[in-house]
Amino acid sequence: MATPRRSTRASAGGRGGGGAQRPRSQSSRGRQTRSRASRDGAAPRPRPARGGGPGGRRPRRSGLGAPKVRHRLVLAMIMVAVLALSGRLLWVQGLNSQALAQEAYEQRSVTRPITALRGDITDRDGTVLASSVERYDLWVNQVQVTSYKENWTSTDVKGVEAAAEDLAPVLGWTVEETTEVLTGDDQFKYLEKNVEPAVRNAVLSLDIPGIGGDRVADRIYPAGSVGGNVLGYVGADGTALGGAELTYDDVLAGTDGEMTYEQGAGGQVISTAPSTTTEAVDGSDLALTIDRDLQWKTQEVLQATIDQWGATGGAAVVYDPKTGEVLALADAPTFDPNDVGSASSEDLGIRSVSSVFDPGSTGKLFTMAAALEEGTAEVDSEYEVPYTMDFNGERIKDSHSHPDQQLTMAGILKNSSNTGTVQVAETMTPETRYDYLMAFGLGQTTDVGLPGESAGIVRPAEDWTGRTRYTTSFGQGYSVTALQMVSAIGAFANDGVRVQPQIVAGVREDDGSISPVEKPERTRAVSAETADEILAMMDNNIDDEESGARVEGYAVGGKSGTAEVPDGTYTSSFIGVALADDPQLVVGVYLFGLNTFISGTRAAAPAFSDVMTFALQNQGIAPTGVPGRELENEW
């Protein structure tokens, strides 16, 4: 066994001596390390250097990795963020504060309309024919309902369940139905529309959060279908869609108001925020010239006559020739404005002003009036009147076969002879006859104030070529409307002056007085002398004892008409005047779409009699006791 080598670390004086210890050099420490490593039998482990440079020092870092650079970069980023936030704060609270405040207000602000009530439409005596009643559309914010009775300690039923139990009996619903409507996340949903004010008040008295109501108007027509075509109707949103409702919408509509308030995110009203209300201004009342009872009777008679003869439709007019007031304007079939959805679209218009037709023999009155006014014929002028007659190669014939007749002009009208009327017409030029048709208002609208009115069709005289030159003399070859024709015949009942028809008397004021809309235009068509002669001829046409057009106790005058339509059907009519000696009313009855030829004397005259009889009594017009006039019809 080898003896261990003594370490050189001991000083000369030994480990225990008091002499000074000699410091060890770096080389001796290296040797010692190597010596221990040799003794242990392992290779010496190198000692890591303290730095990469000379002397073992760690080199300084440069670039983004250096601590100072990183610190400066972080500080710079913080400063940029602070500046950005400060700039944004300055923009929000300073430069852009008003715009943002306005935007926030608009998001919170809610504007709800306050519907104006449409004005009433009344008849001439103030009887209401159309009116708007106050109704409410109830709505719910389902989110807010959940807070109902949440602070109540006396009940376990709260929220939607409690609201449904309280609300159901008020609305007449089951609790299950009500619960379903109140449950959800909708902030606005209609609960029930068009409820009466009493129902709305009962609902709001429950103080259920999120339930409210908007005022709306429900348009009702108390007389139902009476005057339906004249009145027109409104849509579900209150928009005027026909009749006087449409023409005078600016008078009736009024001006809607509005209420503006602020609400929170859940839809709740912010009670502390300001709110504004602009009250609605209701519309004005409109007074018509028609009489409700007379309108009802006229419609009833017209419909019964249509049913009797199988016509597809009809019109009837009662007219005051001195004032221009239309006392009744009936169409059939008509409709009930309360139930427009069940009506046919073709029945929603106004046939009496929109449907055009050839007047037929009633047009002979204009030819004879022109001849009297021009002095080319007299009431007792004499004519040879055959059944058929040729005029420049155009054959004209009467409605029924007869031997040659010797008739006066009065007799021609009484017998309604086409060949005789053409002879009278040929004493004038077509241009002259055309001018008289214009003077009587044909070929132009009456401007009565109803939508859809037609002007009719009267072509210029230069277009009256061939057969048209002759047929226009007896009411064929031009077209008119029912109201237009009654207005024209009315000139004979008013000393030759035609008065523009009126359906609106004016606007009814708060004190009940009526402010007229406008004065009707007056146009002289013929002289008073000519008008009286035509009246005498019309009186001569009706036998006050036997005619179907007679009115018991009154002297009346009139003329029938029948004309073929291009589709092969016929239009029959009768227009009459009463009193014949002191004209007060003109009544015209028209039947459209007859499948066969039925004269106006047979089909329309009895209806004229019924309407005129009722109208005279309704208006309090007593008979004068003067008998009807009879003229010389033959020579």
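Below you will find a few notes about this structure.

### Some points on the environment of Val230
Phase 1: Mapped onto the secondary structure, Val230 falls in helix α8 (residues 228–231).
Phase 2: Owing to a relative accessible area of 1%, Val230 belongs among the buried residues under this scheme.
Phase 3: Placed 13 residues apart in sequence, Val230 and Gly243 show a C-alpha to C-alpha distance of 5.1 Å.
Phase 4: Excluding anything up to four places from it in sequence, Val230 contacts Gly243, Ala244, Leu288, Leu329, Leu450 and Ile503.

### Focus: a nonpolar patch on the surface
Phase 1: Residues Val74, Leu75, Ile78 and Val82 make up a contiguous nonpolar surface patch of roughly 350 Å² in combined accessible area.
Phase 2: Positionally, Val82 belongs in helix α2 (residues 67–95).

### Topic: the nonpolar core
Phase 1: Ranked by internal contacts, the top residues of the largest apolar core, which has 81 residues, are Leu288, Leu329, Phe366 and Phe492.
Phase 2: Per-element accounting of this core gives the leading share, 7 residues, to helix α13 (residues 364–374).
Phase 3: Excluding residues within four positions of it along the chain, Phe492 makes contact with Leu365, Phe366, Ala369, Phe440, Val526, Ala531, Ile534 and Leu535.
Phase 4: Formed by 36 residues, the second largest nonpolar core is a distinct cluster that contains Ile542, Leu585, Ala615 and Leu616.

### What about the pattern of salt bridges?
Phase 1: One pass over the full model with this rule turns up 15 salt bridges.
Phase 2: Note that Asp539 is salt-bridged to Arg629, the shortest N-O span being 3.8 Å. Here Asp539, found in helix α19 (residues 528–541), pairs with Arg629, found in the segment after α21 (605–618); they are 90 residues apart in sequence, far enough to count as distant.
Phase 3: The exposure class assigned to Asp539 is buried, which follows from its relative accessible area of 3%.
Phase 4: Because the salt bridges share partners, they merge into one network encompassing Arg118, Arg219, Glu245 and Asp249.

### Observations regarding the pairing of strand β1 (residues 109–114)
Phase 1: Of the two faces of β1, only one is covered, namely that formed by Val110, Arg112 and Ile114; the face formed by Ser109, Thr111 and Pro113 stays uncovered.
Phase 2: Sheet analysis places β1 next to strand β6 (residues 257–262), joined by 6 bridges and oriented antiparallel. Counted as the bridge partner of Arg112 is Met259 from β6.

Calculation criteria
Residues numbered from 1 in each chain as written. Predicted model: local features only at pLDDT ≥ 70, side-chain atom pairs only at ≥ 80, totals over all residues. Heavy atoms only, no water. Helix = DSSP H or I, 4+ residues; strand = E, 2+ residues; numbered from the N terminus. Buried < 20%, exposed > 50% of the residue type's maximum accessible area, 1.4 Å probe, protein only. Contact = heavy atoms within 4.5 Å. Patch = residues over 30% accessible without salt bridge, like charges linked within 9 Å, V, L, I, M, F, W, Y side chains within 5 Å. Areas by Shrake-Rupley, 256 points an atom, 1.4 Å probe, with all protein chains shown as cover. Salt bridge = Lys/Arg side-chain N within 4 Å of Asp/Glu carboxyl O. Core = buried A, V, L, I, M, F, W, Y, C linked by side-chain atoms within 4.5 Å. Pairing = 2+ DSSP bridges.

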